[in-house]
Amino acid sequence: MVRFKNRWLLVEFVDTSTVDASAERESSSTRPLDGRLIYNALRDSVVTNFGDTGWGAVGMSLNVKYFSPLTNLCIIRVARDQHRIAWGAVTLLTSIHDIRIIPRVIHVSGTIKHTQLSAIAHNREVIARFRTKLKNTALHHDSYDDYLARSTREIEALHD
């Protein structure tokens, strides 16, 4: 029996329009990101930067396993031998479906368990940053706690 060895990339997509509040509301209301859009953008980035040979190497194993629209956190699975091509394609992304982004690879792991732990820890950090920006934390306390509980369950439910 052959075991497929994967690498798991934990990526945060920082929206560059957050500097301008009006542009953020406009872009997030018209075209929210999702896993399918990220996959298509990654495919286009691999083909553009590494050609058909790069896509042939990465295409069969590339998979967007999780995406959170609130924190813009994404878990991507790719074969171990081609993870550097996928990592390069992620790094070279500048926009996803006309939404300008800056990709930030937070963690690379050989197991999904360590990626899950890093994703849960990163979600907690992002929510803590959201809470510090609020003036009245009591209003949004329950919604953030609900989100953290729900996202933790979703992340822990991921399987190879």
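First, a word on scope: everything that follows refers to the structure included in this document.

Conventions we followed
- Residues numbered from 1 in each chain as written.
- Predicted model: local features only at pLDDT ≥ 70, side-chain atom pairs only at ≥ 80, totals over all residues.
- Heavy atoms only, no water.
- Helix = DSSP H or I, 4+ residues; strand = E, 2+ residues; numbered from the N terminus.
- Buried < 20%, exposed > 50% of the residue type's maximum accessible area, 1.4 Å probe, protein only.
- Contact = heavy atoms within 4.5 Å.
- Areas by Shrake-Rupley, 256 points an atom, 1.4 Å probe, with all protein chains shown as cover.
- Pairing = 2+ DSSP bridges.
- Axes fitted to C-alpha atoms, helices over the stretch in contact; angles between N-to-C directions.
- Phe/Tyr/Trp six-rings, centres within 6.5 Å; stacked < 30°, edge-to-face > 60°.
- Core = buried A, V, L, I, M, F, W, Y, C linked by side-chain atoms within 4.5 Å.
- Expected span 1.5 Å × (residues − 1).

With that settled, consider the overall build of the protein. In terms of regular secondary structure, the protein is built from 5 helices and 5 strands. The linear arrangement of helices and strands in the protein, starting from the amino end, is β-α-α-β-β-α-β-β-α-α. Burial status across the protein gives 39% buried among its 160 residues. Residue pairs in contact within the protein that sit at least 24 positions apart in sequence constitute 72% of those at least 6 positions apart. For the protein, the exposed area adds up to about 9500 Å²; of that, 52% sits on carbon and sulfur atoms.

The subject of this paragraph is the pairing of strand E5 (residues 99-109). Examined bridge by bridge, strand E1 (residues 6-15) and E5 share 8 bridges and lie antiparallel to one another. The residue of E5 that forms the bridge with leucine 9 is valine 108. One ladder, built from 2 bridges, connects strand E4 (residues 95-96) with E5; its direction is antiparallel. Its bridge partner lying in E5, serine 95 is registered against arginine 100. Between E4 and E5, which pair antiparallel in sequence order, lie 2 residues; one of them, histidine 97, sits at a positive phi of approximately 50 degrees.

In this section: the sheet that holds E5. One key point about sheets: their strands pair by backbone hydrogen bonds, in either a parallel or an antiparallel sense. Ordered by their spatial adjacency, 5 strands build an open sheet running E2-E3-E1-E5-E4, and the pairing between neighbours is antiparallel. The open sheet has two free edges, formed respectively by strand E2 (63-68) and E4, since each of these has just one partner strand. Alignment of E2 against strand E3 (residues 73-79), held across 5 bridges, turns out to be antiparallel. Within E3, the position partnered with asparagine 63 by the bridge is arginine 77. Contacting E1, E3 and E5, helix H3 (residues 83-91) crosses the sheet at an angle of about 150 degrees to E5.

Before going further, it helps to examine the packing of aromatic side chains. Considering all chains together, one arrives at 2 aromatic pairs under this definition. Seen in terms of ring centroids, tyrosine 39 and tryptophan 55 are 6.2 Å apart; in terms of plane orientation they differ by 70 degrees. Their pairing is edge-to-face. Take tryptophan 55: its relative accessible area is 21%, and that puts it in the partly exposed class.

Now for the nonpolar core. Counting residues in each nonpolar core, the largest one holds 21 residues, and the members touching the most others are Phe13, Ile38, Leu42, Ile76 and Ile96. Counting only elements with at least two residues in this core, the list comes to E1, helix H2 (35-58), E2, E3, H3 and E5. At 5 residues, H2 tops the list of elements feeding residues into this core. The residues contacting isoleucine 76, other than those within four sequence positions of it, are Arg7, Trp8, Leu9, Val11, Leu42, Leu62, Asn63, Val64 and Val90. One finds Leu10, Leu73, Ile112 and Ile120 within the second-largest nonpolar core, a separate group that totals 14 residues.

Below, the discussion takes up the side chain of glutamate 12. Relative to the helices and strands, glutamate 12 is located in strand E1. Of the residues examined, glutamate 12 reaches a relative accessible area of 8% and is grouped as buried.

The end-to-end C-alpha separation of helix H4 (residues 112-133) is 31 Å, in line with the 32 Å expected for 22 residues at 1.5 Å each. Every buried residue of H4 is listed here: Ile112, Thr115, Gln116, Ser118, Ala119, Ile120, His122, Asn123, Val126 and Ile127.

Let us look at unusual backbone geometry. Unusually for a residue other than glycine, histidine 97 sits at a positive phi of about 50 degrees. Among the secondary structure elements, histidine 97 is positioned in the loop between E4 and E5. Positive phi values are uncommon outside glycine, yet aspartate 98 reaches one of about 65 degrees. Mapped onto the fold, aspartate 98 is located in the loop between E4 and E5. Since its relative accessible area comes to 64%, aspartate 98 is described here as exposed.

The values reported here are purely geometric and, on their own, carry no functional implication.
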